[in-house]
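# Analysis of the macromolecular model
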Amino acid sequence: MSGNTINIALAADDNYAAYMGVAILSVLKNAAKEDKLAFYILENQIGDKRKSEIESLKTFRAFDLFWISVQPSDFKGCAVTQKGLTPTAYARLLIGEKVPCDKIIYLDCDILVRGSLSALFNTDLGEKWVGGVIDINIAPKYYKKNLGERVKHYINSGVLLINCGLWRKYSVTQWLLDYARENSARLKYNDQDAINYVCAGRKYLIAWDWNVMDTLYYPDLRRKAGLPAQGGDIERACLLPKIRHYKAFRKNYFGPNKEEYRLIMRESPWQYLIPQDDKGIRLYMLCLWDYFKVHNFFFLKKKFWQRVRKFGFLPLISNR
C-alpha cells in the first residue's frame, strides 16, 4: 500500500454482506478523485455469490480488496446480548491483529458515506488508541454504573478511526477480548462496551458529522442526552453529514433520509433487496404493536403527541 491510501475495514457474515456492499459503494461514489482506497473485509463465512457481487463494485471505481477470514472460535466466550447482533460484531476487536496497517477507518454495514473519507483518515490521533463520535443513545447513567467512573465519554463503535500500530504495541486486541469474555454477558452493548472501557482515557472525540445517527435528528432526544436541542455543531452535522448511520434497508423504516440510502441501493448489485414497505392499516397495526411493547400507554403522554405534531405519526411509531 502506498502511504496516501485510505484504509477501510468492515466486518460481516453472509446475512449482512449485501448491506456492507452498499456501504462500500457509497464510499466509492463519493470519494475524491485523488483518493486511493483499500478495503479490508473481516468475513465470517461470506459465500462466493456475495463476494463476487462485492468484487463487481470495481466497475464503479478501482480499489484494493482484501478478504480476511474470521471464525466463531475467534469470539469464543463473547456473549451476544443485544438484539439483532451476531458474534461477527466482535470482529472489529480483531482489527489491530488481523489488518497490516498502522491506521484504519472501521465502518459498520449500516452506514452511508456522503463524501471523501480523506479528512477523517488523516486525523492525527497522537497517542490515542481510537477515535469515535459520542453516542447520545447511551445514557451516562448506564456506562457510569456498568463500566465505572474511568469512562468519561462513550463513543459509538459504528464509525471508528483505529490506531492499529498502538493496538499491536499495547496488545489492545487481547485486552478487548478478555474484557468482553469476562463481562459481555452482563453488559448490554457487548463489543462497544469493551471498546469504551478498555480505551478509556485513550479515546479521541471525532466531530458529529462523521457519524450522524438517526436519533440526532430528534431535539428531545438530544436534550435528554444533555446536548443543545437546537443549533450548534449537531444541527450543522444533521444538515450536512459526512456519514449517515441508519438502517434504511429495513422494511417499514420511516426515519429521515431513507430515500437517499435507497437511491444508492438501486445502483448496487443488491437492488432486489430493497424492501417493499407495508401499506395501509396493516402497517399501522404492526408499527403500533412494536411501539407499544417498548412504550406502554404512550398515547396517554403529552410528550408523545408533541412529537407527533413535530415529526408525524408514522415516522415516530415506526422508528422510536
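Residues numbered from 1 in each chain as written. Predicted model: local features only at pLDDT ≥ 70, side-chain atom pairs only at ≥ 80, totals over all residues. Heavy atoms only, no water.

Okay, the overall build of the chain next. On a plain count of helices and strands, the chain comes out with 14 helices and 10 strands. When the 320 residues of the chain are sorted by exposure, 52% land in the buried category. Restricting to contacts in the chain with at least 6 residues of sequence separation, those with at least 24 account for 76%. (Helix = DSSP H or I, 4+ residues; strand = E, 2+ residues; numbered from the N terminus. Buried < 20%, exposed > 50% of the residue type's maximum accessible area, 1.4 Å probe, protein only. Contact = heavy atoms within 4.5 Å.)

In an α-helix there are 3.6 residues to a turn, and that puts residues three or four apart on one side. With 12 residues, helix α7 (residues 172–183) should reach 16 Å at 1.5 Å per residue; the first-to-last C-alpha distance of 16 Å fits that figure. Contacts made by the buried residues of α7 are with α3 (95–98), α5 (140–147), α6 (164–169) and α8 (190–198). (Expected span 1.5 Å × (residues − 1).)

Moving on to the environment of Lys247. Mapped onto the elements of the fold, Lys247 is located in the loop between β10 (243–245) and α11 (258–267). Residue Lys247 is classed as partly exposed on the basis of its relative accessible area of 25%. Considered as a pair, Lys247 and Tyr261 are 14 residues apart in the sequence and their alpha carbons are 9.0 Å apart. Non-local contacts of Lys247, meaning those with residues more than four positions away in its chain, are made with Tyr16, Asp110 and Tyr253.

This part is about the packing of aromatic side chains. Within the structure shown, the criterion is met by 14 aromatic pairs. For the pair Tyr19 and Phe249, a centre-to-centre distance of 4.0 Å together with 15 degrees between the ring planes defines the contact as stacked. You can see Tyr19 sitting in helix α1 (residues 17–30) and its partner Phe249 sitting in the loop between β10 and α11, a full 230 residues away along the chain. Like Phe249, Tyr19 is buried. With centroids separated by 5.2 Å and ring planes inclined at 85 degrees, the aromatic side chains of Tyr142 and Tyr189 adopt a geometry described as edge-to-face. Residue Tyr142 is located in helix α5, and its partner Tyr189 is located in the loop between α7 and α8; the two are separated by 47 residues in the primary sequence. Among the residues examined, Tyr189 registers a relative accessible area of 14% and is labelled buried. An aromatic cluster is built from Tyr16, Tyr19, Tyr246, Phe249, Tyr253 and Tyr261, whose rings are joined through pairwise contacts. Here the basic side chain of Lys103 rests over the ring of Phe121, its NZ or CZ set 5.2 Å away from the ring centre. (Phe/Tyr/Trp six-rings, centres within 6.5 Å; stacked < 30°, edge-to-face > 60°. Lys NZ or Arg CZ within 6 Å of the ring centre and 35° of its normal.)

Each regular strand carries side chains that alternate between the two faces of the sheet. Where burial is concerned, most of strand β2 (residues 36–44) is hidden: 8 out of the 9 residues are buried. Crossover handedness for the path strand β1 (residues 5–13) to α1 to β2: right-handed. As defined by bridge partners, β2 adjoins strand β3 (residues 64–69) across 6 bridges and the pair is classed as parallel. Residue pairing for β3: Phe39 is matched across the bridge by Leu65. Chirality of the crossover, the property in question, places the unit of β2, helix α2 (residues 48–55) and β3 among those that are right-handed. (Right-handed = clockwise from strand over helix to strand, strands pointing away. Pairing = 2+ DSSP bridges.)

Sheet strands line up and pair through hydrogen bonds in the backbone, either parallel or antiparallel. Taking strand neighbours across the sheet as the criterion, the 7 strands line up as β3-β2-β1-β4-β7-β6-β8 in an open arrangement whose pairing is mixed. Only two strands of the sheet have a single partner each, and these edge strands are β3 and β8 (203–205). The mean angle between the axes of side-by-side strands here comes to 25 degrees, regardless of whether they run parallel or antiparallel. In the sheet, strand β6 (residues 130–132) pairs with strand β7 (residues 159–162) via 2 bridges, with the strands oriented antiparallel. Looking at β7, one finds that Val130 is bridged to Ile162. Across the sheet, α1 touches β1, β2 and β4 (104–107), and the angle it forms with β1 is around 165 degrees. (Axes fitted to C-alpha atoms, helices over the stretch in contact; angles between N-to-C directions.)

Contact pair α7 / α8: the axes reach a minimum separation of 9 Å and the direction vectors enclose 125 degrees. As judged from the angle between their axes, α7 and α8 are oblique. Of the two elements, α7 crosses α8, and the hand of that crossing is right-handed. Between α7 and α8, the residues in contact are Val172, Trp175, Leu176, Tyr179 and Ala180 and Asp193, Ala194, Ile195, Tyr197 and Val198, respectively. (Parallel < 35°, antiparallel > 145°, perpendicular 65-115°, else oblique. Left-handed = near helix turned anticlockwise from the far one by under 90°.)

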